[in-house]
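# Notes for the structure review
The lines below spell out each chain.
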Amino acid sequence: MLPDIKTILYCTDLSKNASFAFKHAVYLAKKTGANIHILKVVEELSNEEKFTLQTYIINQVSREEFLKQRLKNANDQLQERQEYFWKKIAPEESAMRKKIVSCEIIEGYPTQTILRRSRELDCDLIVMGAHEKGWLHTLLGSVAKNVLRESRIPTLIVPRPEKKVHKEKSA
């Protein structure tokens, strides 16, 4: 027998496809009664990026403010996307908003952070969207591919929706 899904970790990169994946997370929560934790991982700066930041922003306070602003921008964008999503959803579905029990922005390495939070939150399912560019490697995206490979719980990678082609009618 398959285990019940009580807790879903929805991971977002804030792309267009992420919203599509969120619809799947909400649908699954509705069908299973699960709670949803939302996670956005802001990639930790590389050593080269940190060196560049120290080189061009000499003032320590300004550097710290810049780093805080990165997280604030991600949080603002996540909140905007959430508000837009809930405005567009059918009114009878808006009750599902109460199933969102946390919304986090964490700076770190995406794959490791997603896997760690899924364990810490005792999640039963990870839901995330496939990346929007490239072919095989980036078809899934390196983060999605690595999470899928390393996760010990079911992981749903939602593919990009097919673009609707508007065909002209011939007269």
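Quick caveat, the model's predicted, so the values are computed rather than measured.

Residue pairs three or four apart in sequence face the same way in an α-helix, which turns once every 3.6 residues. The first and last C-alpha atoms of helix α3 (residues 60-88) sit 42 Å apart over 29 residues, in line with the 42 Å expected at 1.5 Å per residue. Among the residues of α3, those classed as buried are R63, R70, A74, L78, Q82, F85 and W86. The elements touched by buried residues of α3 are β1 (7-12), α1 (16-32), β2 (35-43), α2 (47-56) and β3 (100-108). The backbone nitrogen of V61 has a side-chain oxygen 2.7 Å away, supplied by the residue at the start of α3, namely N59.

Another point: the packing of aromatic side chains. As enumerated under the stated definition, the model contains four aromatic pairs in all. Seen from their ring centres, F22 and F85 are 4.6 Å apart, and the 75° between their planes marks the pair as edge-to-face. One end of the pair, F22, is in helix α1; the other, F85, is in helix α3, with 63 residues separating them in the sequence. Each of the two residues, F22 as well as F85, counts as buried. Measuring from centroid to centroid gives 6.0 Å for F22 and W86, while their planes differ by 90°, and the two rings are edge-to-face. With F22 in helix α1 and W86 in helix α3, this pair connects stretches of sequence that are 64 residues apart. Members of the aromatic cluster, connected to one another through ring pairs, are Y10, F22, F85 and W86.

Rules used in this analysis
Residues numbered from 1 in each chain as written. Predicted model: local features only at pLDDT ≥ 70, side-chain atom pairs only at ≥ 80, totals over all residues. Heavy atoms only, no water. Helix = DSSP H or I, 4+ residues; strand = E, 2+ residues; numbered from the N terminus. Expected span 1.5 Å × (residues − 1). Buried < 20%, exposed > 50% of the residue type's maximum accessible area, 1.4 Å probe, protein only. Contact = heavy atoms within 4.5 Å. Polar contact = N/O pair within 3.5 Å; in protein donor to acceptor, adjacent residues only side chain to side chain. Phe/Tyr/Trp six-rings, centres within 6.5 Å; stacked < 30°, edge-to-face > 60°.

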